[in-house]
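Structural features, examined
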Amino acid sequence: MKYQKLGKTDLNASVVAFGAWGIGGGIVWPDMSLGVKDVERLLDAATELGINYIDTAPVYGTGVSEDLLGKALKGARREKFLLQTKCSLNWRGDGGNYHYERDGVTVNNDTSARAVKQDVEDSLKRMGTDYIDLIVVHYVCKDWPVEETMGALQELIKEGKIRAVGLSNSQPGDLEEYSKYGTVALVQEFFSLLSPYHGGDYFPVTDKHGTTFQVYGALEEGFLTAPDFVDRTFPAGDVRGKLPWIHEPIKGNIHKLFDVMKPLTEKYNCTYSNLVQAWTLAQYPNLSLLTGFRRVETMENTCKSLDLQLEAADIALLSEAAKPAQVKVLDK
């Protein structure tokens with residue numbers, strides 16, 4: 001395993017981060033239901049592989065992901081991991097802007113000081129922990145002053161309830177603004193071979209502030225793991241059924257991309273996932289690879305991508321081959 005400091009903090013995190021969205025289940029991940037014992041096995045496998053960094057959020061399964069992690073992290077496991085969760089999205093019904101309805105609840109986005117503090121208290125309780133290593137503003141919102149949001153987060157740091165701050169679903173200008181009121185350790189943004197534009201815009205600003213860029217969606221929820229995945233169908237509400245990759249002509253162009261990738265997997269003796277993740281890691285030096293894990297074998301395979309060094313010509317080949325399938329604006 002390889003490790004990196006998150007931004008300018010002393011948090012030493014594995015480059016591969018354990019994404020816990022999927023273990024929350026619910027309507028967006030309906031094909032697999034995990035219990036506490038399953039999550040314990042995943043966490044123990046993560047430790048064996050050197051992964052010490054977990055990402056979750058209150059809305060992942062409407063509290064389910066945090067609850068399962070809290071139960072599985074009880075005892076000695078908690079101190080083995082950096083635990084990252086989020087604030088701003090909640091279903092308390094006490095204010096904020098409408099964000100979506102899911103799993104029978106209405107989720108609002110609220111970055112007010114009051115809401116942020118309550119989000120953290122709720123997460124601490126659900127996960128049964130005294131502190132959160134890094135709290136990420138899940139969806140940056142301009143309806144409350146950044147100074148108010150960051151002021152609340154800085155107070156939580158002083159109280160020892162959180163150790164660091166991050167941003168997600170944001171723009172480079174948001175990092176500039178938030179950095180006026182405190183240190184932003186990381187930004188967590190979508191970035192993939194099929195949608196690389198956002199990262200390209202963000203990298204100069206994360207360089208400027210010494211902020212870690214954490215990628216989510218590098219494998220596009222499975223669509224870049226194997227050619228047959230592209231032809232799958234998904235039930236209503238499943239997050240994968242809402243992505244543009246299932247529609248023509250993009251779907252056909254992804255199959256053409258796999259035709260280009262196939263000989264490269266043979267050249268490097270790797271899986272499609274390894275190839276895509278190695279391409280992702282090659283795009284930026286201060287990059288955290290957040291990948292969703294519900295199976296140990298997925299975790300093991302992801303870690304192999306860290307040892308894969310692609311030749312510059314092959315990186316360029318993949319970048320060019322992906323262009324016909326790429327989407328510039330992607331809402332996840």
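Please refer to the structure higher up on the page.
To keep things clear, this report deals only with the structure shown in the data block. (Residues numbered from 1 in each chain as written. Predicted model: local features only at pLDDT ≥ 70, side-chain atom pairs only at ≥ 80, totals over all residues. Heavy atoms only, no water.)

**A word on the packing of aromatic side chains**
The tally for this structure, following the rule as stated, stands at 15 aromatic pairs. Note on Phe190 and Tyr216: the rings are 6.4 Å apart at their centroids and 70° apart in plane angle, and the pair reads as edge-to-face. Here Phe190 is found in strand β11 (residues 186-190), whereas its partner Tyr216 is found in strand β12 (residues 212-216), with 26 residues between them in sequence. Taking the relative accessible area as the measure of exposure, Phe190 reaches 14% and is therefore buried. For the ring pair Phe223 and Phe229, a centre distance of 5.1 Å and an interplane angle of 80° mean the geometry is edge-to-face. Assessed through its relative accessible area of 10%, Phe229 is described here as buried. (Phe/Tyr/Trp six-rings, centres within 6.5 Å; stacked < 30°, edge-to-face > 60°. Helix = DSSP H or I, 4+ residues; strand = E, 2+ residues; numbered from the N terminus. Buried < 20%, exposed > 50% of the residue type's maximum accessible area, 1.4 Å probe, protein only.)

**Thoughts on the sheet that holds strand β13 (residues 287-292)**
Around the barrel, 8 strands lie side by side as β3-β4-β5-β9-β10-β11-β12-β13; this closed barrel has parallel pairing. Taking each pair of neighbouring strands and ignoring which way they run, the sheet shows an average axis angle of 30°. Bridge count between strand β5 (residues 82-87) and strand β9 (residues 134-137): 4 bridges; the pairing is parallel. Note that in β9 the partner of Thr85 across the bridge is Ile135. Sheet contacts for helix α8 (residues 272-281): β12 and β13; angle to β13, the most-contacted strand, approximately 150°. (Pairing = 2+ DSSP bridges. Axes fitted to C-alpha atoms, helices over the stretch in contact; angles between N-to-C directions. Contact = heavy atoms within 4.5 Å.)

**Quick notes on the packing of helix α7 (residues 250-268) against helix α10 (residues 312-322)**
As a packed pair, α7 and α10 sit with axes 9 Å apart at the nearest point and diverge in direction by 160°. The orientation of α7 with respect to α10, classified from their angle, is roughly antiparallel. Handedness of the crossing formed by α7 with α10: left-handed. Touching Leu257, Val260, Met261, Leu264, Lys267 and Tyr268 of α7 are Asp314, Leu317, Leu318, Ala321 and Ala322, all from α10. (Parallel < 35°, antiparallel > 145°, perpendicular 65-115°, else oblique. Left-handed = near helix turned anticlockwise from the far one by under 90°.)

**Some thoughts on the nonpolar core**
Counting 87 residues, the largest nonpolar core has Phe18, Leu43, Leu153 and Leu310 as its most contacted members. Sort the elements by how many residues they give to this core and α7 lands first, with 7 residues. What Leu310 contacts, discounting residues up to four positions off in sequence, is Tyr268, Leu275, Ala278, Trp279, Ile315 and Leu318. By size, the runner-up hydrophobic cluster in this structure holds 14 residues, among which are Leu6, Ala17, Leu134 and Leu186. (Core = buried A, V, L, I, M, F, W, Y, C linked by side-chain atoms within 4.5 Å.)

**Concerning the pairing of β13**
Residues in a regular strand point their side chains to alternate faces of the sheet. Burial analysis of β13 places 5 of its 6 residues in the buried class, which makes it a mostly covered element. Summarising the sheet, strand β3 (residues 16-19) and β13 pair through 4 bridges and their orientation is parallel. Opposite Ala17, over in β13, you have Leu290 as the bridge partner. As paired elements, β12 and β13 share 3 bridges and run parallel to each other. In the strand pairing of β13, Gln214 is matched with Ser288.

The values reported here are purely geometric and, on their own, carry no functional implication.
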